[in-house]
Every structure is written in C-alpha cells, then in structure tokens.
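Report on the structure
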Amino acid sequence: MVSGENKFALVLSRNSSMNTEDHEVVFHLRDEIGIIKPELHGHFLEHLGSATYGGIWVGKDPSIPNINGIRKQAVEYLKELGVSVLRWPGGCFADDYHWRDGIGPQGNRPRRVNIWWGNCIEDNGFGTHEFMELCTLLNAQPYLAGNVGSGSPREFRDWIEYCNQGSGSTLSDERRTNGALEPFRVKYWGVGNESWACGGHMTPEEYAALYVRFATYLRAYDGLDPYLIAVGPEGNNQAWSNRFFAALHNRQFPLLPNGFAMHYYSWGQSTSISYTIETLQDQLATFASMEKAIQEQRAILDRHSQEDGKNCHIDLLVDEWGTWDIANPQNEEEHGRLWQQNTMKDALAAALGMNVFHRNADSLSMCNLAQLTNVLQTPLITQGHHCVRTPTYYAFKMCGLHKGNMSFQVERNTDETCFSVSASRSEESVAITLVNTKHNASMNVRCIFHKARLNRAVATLLHHSDFNACNTFEHPDVITPQHHPTAIDDAGCAVHMPPLSIVTINARVLQQDE
Ligand code: AHR
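Now for a quick tour of the structure. (Residues numbered from 1 in each chain as written. Predicted model: local features only at pLDDT ≥ 70, side-chain atom pairs only at ≥ 80, totals over all residues. Heavy atoms only, no water.)

1. A closer look at a nonpolar patch on the surface
Taken together, the side chains of V113, I115, W116 and I121 make up a nonpolar region of the molecular surface, amounting to roughly 350 Å² of accessible area. Summarising the element assignment, W116 is placed in the loop between β6 (112–114) and β7 (120–122). (Patch = residues over 30% accessible without salt bridge, like charges linked within 9 Å, V, L, I, M, F, W, Y side chains within 5 Å. Areas by Shrake-Rupley, 256 points an atom, 1.4 Å probe, with all protein chains shown as cover. Salt bridge = Lys/Arg side-chain N within 4 Å of Asp/Glu carboxyl O. Helix = DSSP H or I, 4+ residues; strand = E, 2+ residues; numbered from the N terminus.)

2. Some remarks on the site of the ligand
Taken together, 14 residues lie around the ligand, and E46, C92, E194, Y265 and E320 are the ones closest in. Between the ligand and the protein, one listed contact pairs an oxygen atom with a side-chain N or O atom of E194 at 2.8 Å. Interatomic distance of 2.8 Å between a side-chain N/O atom of Y265 and an oxygen atom of the ligand. Burial of the ligand by the surrounding chains reaches 93%, relative to a free accessible area of 280 Å². With respect to the detected pockets, the ligand is housed in the second largest pocket. Mapped onto the shell around the ligand, the elements with two or more residues apiece are β11 (259–271) and β12 (315–326). Its residues assigned to classes, the shell around the ligand comprises seven nonpolar, four polar and three charged. (Near = heavy atom within 4 Å. Polar contact = N/O pair within 3.5 Å; in protein donor to acceptor, adjacent residues only side chain to side chain. 1 Å grid on protein atoms, 1.4 Å probe; cavity = no way out; pocket = protein on both sides within 12 Å on 5 of 7 lines; lining within 4 Å. Sits in = over half its atoms within 2 Å of the grid points. Nonpolar A, V, L, I, M, F, W, Y, C, P; charged D, E, K, R; others polar.)

3. Regarding the packing of helix α8 (residues 277–284) against helix α11 (residues 344–359)
Look at α8 against α11: their axes get within 10 Å of each other, and the N-to-C directions meet at 20°. Classified by the angle between their axes, α8 and α11 sit roughly parallel to one another. For the crossing formed where α8 meets α11, the hand is right-handed. Contact with α8, carried on its side by L280, Q283 and L284, involves K345, L348, A349 and L352 of α11 and no other residues of that element. Its residues assigned to classes, the contact of α8 with α11 comprises five nonpolar, one polar and one charged. (Axes fitted to C-alpha atoms, helices over the stretch in contact; angles between N-to-C directions. Parallel < 35°, antiparallel > 145°, perpendicular 65-115°, else oblique. Left-handed = near helix turned anticlockwise from the far one by under 90°. Contact = heavy atoms within 4.5 Å.)

So, in structure tokens, the structure goes:
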C-alpha cells in the first residue's frame, strides 16, 4: 500500500523551470456560512446584439435545428449546465420594452427599433410566451424586468396579471387564447433597471418616488405575491442605496422591496484576446472589490430594514455581473453589440465570482451573469448553426457542484490574492473550488479537513497556459475540463494546480468527528 506522503508525492509536482507555491487550506465543515441558493448561479438574457435574436432565438430558420424557434443546441448545452433563474428582457432594453408588442400571432407583432443597441429592427418574434417556453425547456425560474423608465404602473400591473392570473379576467383569457392555458406564475419582477442611467437618469429620491408609485399597483394574482426587486447601485455606490432607502422611509411606504439588485461589472483595459499580464491581474482584482461591495451593501440593507422598525429582511442580488472588455469594432460588426470572445481569463473570472458568491452565501439571494449568449461574459457563442461552449461555460459547470450546498469557512496559511477558495457540503459530500490566477507559478495545495475524514475525492481541472486562449467556431474544444489527479489520506487531500487553472474537488465524507 502506498503511504499518504508517497501518494501526495505522486500528485504534487514541482517543476524546476517554474516557481511552485505551497498552500495549505483547512476546511471547517461545521462552521457554516449559508446555503448556496441555486439562484446564485443565475443568468441574464437581453435584447442586445445577438444574445436573443440570432443567439437563443433563430425563428423558424430550418437550417438551424430549433424547438419552436429556440436554438436546440443552446437548449441542450444550457440544460446540461443548469440555469436556475433567467432574467429578461434587459438591461437597458427593459425600460423601452412594451410587453404587448411580443404577444399574439407572430405576423401581427410590430417591428420596433431597438434604441439602446444599435437601432436595429426587431420583429418581436421573441416575446413573453417564447421566453416562458425557453424557461420551461431549461427548467429555469423566470425573472421579468418591468418597464419603469418609459412605461406606466398600469402597463406593468397588466403584465403581471397576464402572466399570473389563472383565468376569468380579460388579460388571462388573452393569454389562454395565445396558447398558455395555465398561468406562468412568475415570481420575480424587477421594478426597472439602472434607473440611475439608461433606466431614466434619476436621482435615488426620484426613483424611490416612482418605485412606491409602481409597487402600489404590483399585486398578487391567484395567491402568488410578486417578489419585487428594486434597482440597486452601480458597483458599491453607497449614496444610491442610503438615499433610496431614506426616501422610501420618508414616504412611509409600508412595503419594503423584497430584493435590491446591484450591478457589478469587472471592467477590463484590453480587447478580449489581447490581455497583458497587467491588464489581466487588473481585471481579476475587481473580484476582491466586488466581495467588499457585497458586504458593505448587505450592511446598508440590514441597517435600513431595522431602522424602519419593520424588522424585515431585504434580499441582496447582483443581477448583472461579469467581465466587460474593451469592445472590438470588427467583432461587433460581425456578431453584434457587446460581443466579446471568451477566454481562459474569463473562466478564471467566472470561478473567482462564484467563489465570492459562495463565501457570501448568507448575504446574497440571486446573481445573474451577463449574458446568456453572445454578449459580454457569455457561456455560449453562436454563429449560423455553430454553438460553442466557452471557458466560462465550463467554469460554471464545474462550480455547479456547490449549488444547493451549505457553504462553510475555510482557513488558509497564506493571504495570497492570486489563490482563491470556496467550499460547501451536502449530506455526504464536500465541494471545493480552487483558483490559481498566477501566470508564472504553479501551486501544490493541501486540503485539510477539520474533524472529518474522506473516503473518495474526484478532481476536475480547467486550464490553459495562455490566458488569451479561447474556444472558437473552428476549434471549439481548446479549453475543456479534464479529470485531474488527487490523493487522499486521513487528514484530507492534495492537488497540484498549474498556472492559470481552476480545480474543483468533489469529495465524499466518510466520517465527521464530534
Ligand atoms: O449587460 C449590458 C448592459 O449593462 C445592460 O443593458 C445594462 O443594464 C448594463 O449597463
């Protein structure tokens, strides 16, 4: 039998031509943080560039396999990924979207100019019913962003009634005539989007006044209370949050929002495939700032919900996040607005973001990556009949191990910012995500389990030595997850991490000591 040390020697390698760091992480399974709600791994789809039209929605184009107009390959990949919740139709687009444009017979729907994203003409082929069909295919919860910027409370409340009233009203009958006999029962409703910018350029006080006016009319149908999500800050803008809640308080509105959604983008200083070591580390450093922003915004919400004497809980969401590189005009010309190639750098970013959400699972209720296809940090890129899984797709898939688990504390022997960890457990197994963002150092990682023993550990690796490497339409499998060696002993397990890598470990817990 091979001894523990020898087994580790087999997996922990040291290369003379490269710096190898040693990291030790202690996992405290009993030191719980909070449940990693599946919604923390949520997504976002906008009418923007080729995200919806040409990406998810291919219409009745017979040359691209589809399910009632929805790209079949995308559905298959996304089902495999697991989309817990999907936000739609924007983004900026939401505040110029009138939901009635997207219902009824396809041929009768108006053609509209998308004023936010290049003035392109949209035929409204993808509307509420098509979105709901997509959610059903993906088993995703729908999250609809309502129009506050250019819409009315009446229009918004009617959309809720159309979706959620079972029968008996004119609007529910219209939905039934349009093919949906059963109500959609949509729980999540966003009351506007980025009201501080494209959603109306409002002050927090102006938005609070509108929020109250709209929320007064956004009601329960058939016993389902809408879960209302107010527009939160850009990044960690604390003035927006404090002033919004102070203004709500002054209006003595009895109902605080269920959720408050911040947006946190990780801006980059290069175009997608021309990052340098400096711009790479710069962009990846934004995830530490995002973690701080989440904690500070959480504290603001806690303070305001107590202050109002209502002692209620306001959920915090990050309903847009992800990398935002400098746009490449040629890419945008070819593939639509905000198209950016997705690289190994983005996979690292995805895993860093997930680690932040897992470590702050008690503070967060939903997070939505921007966006689902072809826009910003996307899991899928499409062109004609091609549909390619990006490195971000695989990072999400690997991190999916944590969904629904209890996140717990980890203790590390270094505070090296280029090494990121999160851990969680279910009844019998433990999920770990490790990220090495260094381009010039590998890492030997010892995982020690406090008061628990393992009897099996399976590791998966996502890695490429070039952070600008990507999966293309010609070469779709440049970056894919690989089985990775790991060894266990009585104390825990060990893995070797090459530079620029993500390793997930799924370990079975044999025994937990008292
Ligand atoms: O995701 C792209 C855009 O970013 C969204 O439309 C907007 O909400 C944000 O500024």
